[in-house]
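Secondary and tertiary structure notes
Below are the chains, spelled out letter by letter.
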Number of protein chains: 2
Amino acid sequence: MAAHADRYIYGMKICIVGCGALGSVIAAHLARLGDIEVYAYDTSEEHTGAIRERGLQISGAAEFTVKLRATSRPEEIPACDFGIVATKSLHTRAAMDQSARIFRDSAAVCSVQNGLGNEEIIAEHVRYVIRGATTMAAHLRGPGNAGFEFYSNLWIGPFEPSNIDYRRVEELAAVLNRSGLQVVPLPDARGAQWTKLIFNAAVNPVGALTRLHHGAAARFLPTASLYESLLEEGEAVARALGITLHGDPRAMIAEGASAPGKRNVSMLLDVMAGRLTEVDFINGAIADRGEKLGVPVPLNRAVWQLVKGLEHSWSDPQ
Amino acid sequence: MAAHADRYIYGMKICIVGCGALGSVIAAHLARLGDIEVYAYDTSEEHTGAIRERGLQISGAAEFTVKLRATSRPEEIPACDFGIVATKSLHTRAAMDQSARIFRDSAAVCSVQNGLGNEEIIAEHVRYVIRGATTMAAHLRGPGNAGFEFYSNLWIGPFEPSNIDYRRVEELAAVLNRSGLQVVPLPDARGAQWTKLIFNAAVNPVGALTRLHHGAAARFLPTASLYESLLEEGEAVARALGITLHGDPRAMIAEGASAPGKRNVSMLLDVMAGRLTEVDFINGAIADRGEKLGVPVPLNRAVWQLVKGLEHSWSDPQ
């Protein structure tokens, strides 16, 4: 590990892949440290151009603007020690196809994305992968400008098939925590990931299909009951996989519902913008695993079918 | 029955309650006979006023304009021999509250509505009730103007709790058939009603939630699979109730899907117009009966919950 440790004498290099809302918040915190070289890769030239010109502006739970190296041309980014992938799940493969070279000798690449299956895609491109899940929520306010309402946990742990040394997980957690984020390293982060997944599998499709903001859906008896039925299916699949949840998806629902304001879940924002959603990585992933294991998942399958149908409607099919 | 038969010497009187798209098509066919007094009650003064001024215009599978007595004031309508209720299911109670007097001495009042539960509401207001279900589809083109694409069956039979003489069912079928409609009297019309109900319980919520027209939803694998799963739940509930289906809901789906053009199901039209849907009388009715009987109905319950949530979203809830 000497060579690896040596690199830090000259400044750790971290590249954020997919510098959208959440990626921007993470990148800005790391860049603010001053002793880390932070690179941000995002396909939006408007966004990366704005960051280069005016810096990356963060508002909400923290307010600051910071300079960092943002580009839409991954070939401009040098080899980095760590990667943090924050794209929408359905862009993971394209993003890694473009950026894998950056991480050829890196200590690890960490997903902080929604849903299941991102680590598997990342592991097709790089040697060492870290599993991550977060309840942080952020939103882009405009090019070079991201907002977030509150600090919340980011759980990270080894992506088991990549046999990563757990000390790399702790190193990444340490630098992220030093930057002001709330990162919890775990020897087994599957429970945290599944807790967030099960939460997402309830609130996201219900919001997307009913167009209710989260608080309203949580307070309206029919949709609250559907939340509960979806949670129970997800919990049954986790149990069948031998995964012990880390945290309580019902507490996440209650916490979000009691927050002031009307907040639309990300899948509803996607639907309103006519963007493809992450439903394959959320309800589709739970339904696939449940059906394979013989665990009944009719509701996760049904909401997956409905959201796929909704996406299909945008093509005005015959 | 002498008094009853006597009435026909002076012209049978029939009142259509809810002269919307389907009600207009039926009313116009009856009025065209010339030897029937046809009354139409509808709450839309624009529609009834247009019919009084210019007659009721029908286009599509038949093209004609006919005079009939239309009003939004039920007190102007005399006692009638038969009633035909064609309102949306969620307006049945209000319509019968307003019009029950017309049917105090009538031979029967017949529902031709979607869903389950309309006959029960009608029977709270009048003595003799006929159960009905149809695959006719119609649409209002404007005030006084209704279109329909094809003639299709209307099945009618006794509403069992009202102990109606089956000859009244045959009388109503005879006059409707004489008017050019395709009416099939059945001693037990529950099978026909459930076939249509099960069809509606698949295509209507899927269209409303995905915004796909029927043909596209039938040809897209995820939504076609959901159609099938919803059908199977409805069939299981019908079996548990001892009802033998009359016709095949899958054939109805295939027939609609192979028709040219893009036709939105009525529940999607309701959603696009921001009108409350008939989901309580369709998926809600199947889910209620299934849960009471111990027949699993998770998907009918889930789509009911989602459509109720969608309706709730229109009130912009906190």
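Note that the coordinates shown come from a computational prediction; the quantities given were computed from them, not determined experimentally.

**Some points on helix α9 (residues 221-240) of chain A**
Over its 20 residues, α9 of chain A extends 29 Å from the first C-alpha to the last, a length consistent with the 28 Å expected when each residue adds 1.5 Å. Residues of α9 of chain A that are buried: P222, T223, L226, Y227, L230, L231, E233, G234, E235, V237 and A238 of chain A. In the core, the buried residues of α9 of chain A are packed alongside α7 (190-210), α8 (214-219), α10 (249-258), α12 (283-293) and α13 (298-313) of chain A together with α13 (298-313) of chain B. Of the residues trailing α9 of chain A, G242 of chain A is marked for its positive phi of about 75 degrees.

**So, the packing of helix α7 (residues 190-210) of chain B against helix α11 (residues 266-273) of chain B**
Residue and element names in this part refer to chain B. Where α7 meets α11, the axes come as close as 7 Å, and the angle between the chain directions of the two elements is 30 degrees. Classified by the angle between their axes, α7 and α11 sit roughly parallel to one another. The element α7 and its partner α11 pack so that their crossing is right-handed. Contacts between α7 and α11 pair N204, P205, G207 and A208 from the former with S266, M267, L268 and V271 from the latter. For the contact of α7 with α11, a count of residues per class yields five nonpolar, three polar and no charged.

**Describing the sheet that holds strand β3 (residues 56-60) of chain B**
The pairing of strands in a sheet happens through backbone hydrogen bonds and is either parallel or antiparallel. All names here are of chain B. Spatially, the four strands line up as an open sheet ordered β4-β3-β10-β9, and their pairing is mixed. One side of each edge strand has no neighbouring strand; the edge strands of this open sheet are β4 (64-66) and β9 (138-142). Strand-to-strand twist across the sheet, computed as the mean angle between neighbouring axes with direction ignored, equals 25 degrees. When β9 meets strand β10 (residues 145-148), the two strands line up antiparallel, connected through four bridges. By the bridge assignment, L140 is partnered in β10 with A146. With respect to the sheet, helix α3 (residues 45-54) is in contact with β3, β4, β9 and β10, its orientation differing from that of β3 by roughly 95 degrees.

**With respect to the interface of chain B and chain A**
Listed by partner, the interface residues are 29 residues for chain B and 29 residues for chain A. Roughly 2500 Å² of surface becomes buried between chain B and chain A when both sides are summed, with 69% attributable to carbon and sulfur atoms. Among the residues of chain B in contact with chain A, K262, Q305 and L306 of chain B are the three that bury the most area, contributing 22% of the side total. Inspection of the chain B/chain A interface yields two salt bridges. One salt bridge connects K262 of chain B with D316 of chain A, and the closest N-O pair in it is separated by 2.8 Å. Elements with a contribution of two residues or more to the side of chain B that touches chain A: α7, α8 (214-219), α9 (221-240) and α13 of chain B.

**Quick notes on the packing of aromatic side chains**
Residue and element names in this part refer to chain A. Tallied over the entire structure, the rule returns two aromatic pairs over all chains. Relative to Y151, the ring of F148 has its centre 4.9 Å away and its plane inclined at 85 degrees; by these criteria the two rings are edge-to-face. Taking NZ or CZ as reference, R32 lies 4.2 Å from the ring centre of F64, over its face.

**Some details on the relation of the copies chain B and chain A**
Once turned by 180 degrees and shifted 0.1 Å along the axis, chain B lies on chain A with an RMSD of 0.0 Å. Overall, the copies show the geometry of a two-fold rotation axis. Both copies share a contact surface, since 100% of the interface residues of chain B are interface residues in chain A too.

**Regarding the nonpolar core**
W194, L209 and L306 of chain A together with W194, L209 and L306 of chain B are the most contacted members of the largest nonpolar core, which totals 90 residues. When neighbours within four sequence positions are excluded, W194 of chain B is seen to be in contact with L116, G234, V237, A238, L241, I243, L245, I286 and R289 of chain B.

**Focus on the environment of F82 of chain B**
All names here are of chain B. Its location among the elements puts F82 in strand β6 (residues 82-85). F82 gets classed as buried once you look at its relative accessible area, which sits at 0%. In this structure, the C-alpha to C-alpha distance between F82 and A285, residues 203 residues apart in sequence, is 27 Å.

**Focus on the confidence of the model for chain A**
Mean pLDDT for chain A: 95, with 97% of residues reaching 70 or above. If you check the scores for this complex, the pTM reads 0.92 and the ipTM reads 0.92.

**Overview of the side chain of T195 of chain A**
By secondary structure assignment, the location of T195 of chain A is in helix α7. Residue contacts for T195 of chain A: discarding those within four places in its chain leaves L245, H246, G247, D248, P249 and M252 of chain A.

**Re the sheet that holds strand β11 (residues 153-158) of chain B**
Residue and element names in this part refer to chain B. Pairing within the open sheet is mixed, and its eight strands lie in the order β5-β2-β1-β6-β7-β8-β11-β12. In the strand order of this sheet, the two ends are held by β5 (69-71) and β12 (182-185), each with one partner. Neighbour to neighbour, the strand axes of the sheet diverge by 20 degrees on average, direction disregarded. Sitting on the sheet, α7 is in contact with β8 (129-134) and β11, with an inclination near 40 degrees to β8.

Rules used in this analysis
Counting restarts for each chain: residues are numbered from 1 in the order of the written sequence. Each chain is given a letter, starting from A, and each ligand a number, starting from 1, according to the order in which they appear as written. Only residues with pLDDT of at least 70 are given local features in this predicted model, and only at 80 or more are side-chain atom pairs given and counted; all residues enter the totals for whole chains, interfaces and linings. Values reported for side chains reflect all heavy atoms of the structure, with hydrogen atoms and water molecules removed beforehand. Elements are defined by DSSP. Helices are runs of H or I of four residues or more, strands are runs of E of two residues or more, and each kind is numbered from the N terminus. Given the number of residues in a helix, its expected span is that number minus one, multiplied by 1.5 Å. The cut-offs for exposure are 20% and 50% of the maximum accessible area for each residue type, with area from a 1.4 Å probe on protein chains only; residues under the lower value are buried, those over the upper are exposed, and the others partly exposed. Whether two residues touch is decided by their heavy atoms; if any such pair falls within 4.5 Å, the residues are in contact. For helices, the fitted axis covers only the stretch in contact; all axes are lines through C-alpha atoms, and the angles between them, taken along N-to-C directions, range from 0 to 180 degrees. With respect to orientation, any angle under 35 degrees is reported as roughly parallel, any angle over 145 as roughly antiparallel, any angle of 65 to 115 as roughly perpendicular, and every other angle as oblique. Note: crossing handedness is left-handed where the near helix turns anticlockwise from the far helix by less than a right angle, and right-handed where it turns clockwise. Under this grouping Gly is polar, as are all residues other than the nonpolar Ala, Val, Leu, Ile, Met, Phe, Trp, Tyr, Cys and Pro and the charged Asp, Glu, Lys and Arg. A strand pair is defined by DSSP finding two or more bridges across the two strands. Summed over both partners, the accessible area (1.4 Å probe) lost when two parts come together is defined as the buried area. The salt bridge criterion pairs a side-chain nitrogen of Lys or Arg with a carboxyl oxygen of Asp or Glu, the two atoms within 4 Å. Think of it this way: a Phe, Tyr or Trp ring, Trp meaning its six-membered ring, pairs with another when their centres are within 6.5 Å, and the plane angle makes it stacked under 30 degrees, edge-to-face over 60, tilted otherwise. A positively charged side chain is recorded as over a ring if its NZ (Lys) or CZ (Arg) lies within 6 Å of the ring centre. The angle to the ring normal must also be within 35 degrees. The copies are overlaid by a least-squares fit using only the C-alpha atoms of residues whose pLDDT is at least 70 in both copies. Here, nonpolar core means buried Ala, Val, Leu, Ile, Met, Phe, Trp, Tyr and Cys residues that are tied together by side-chain atoms lying within 4.5 Å of each other. Every residue is assigned a pLDDT by the predictor, reflecting its confidence on a scale from 0 to 100.

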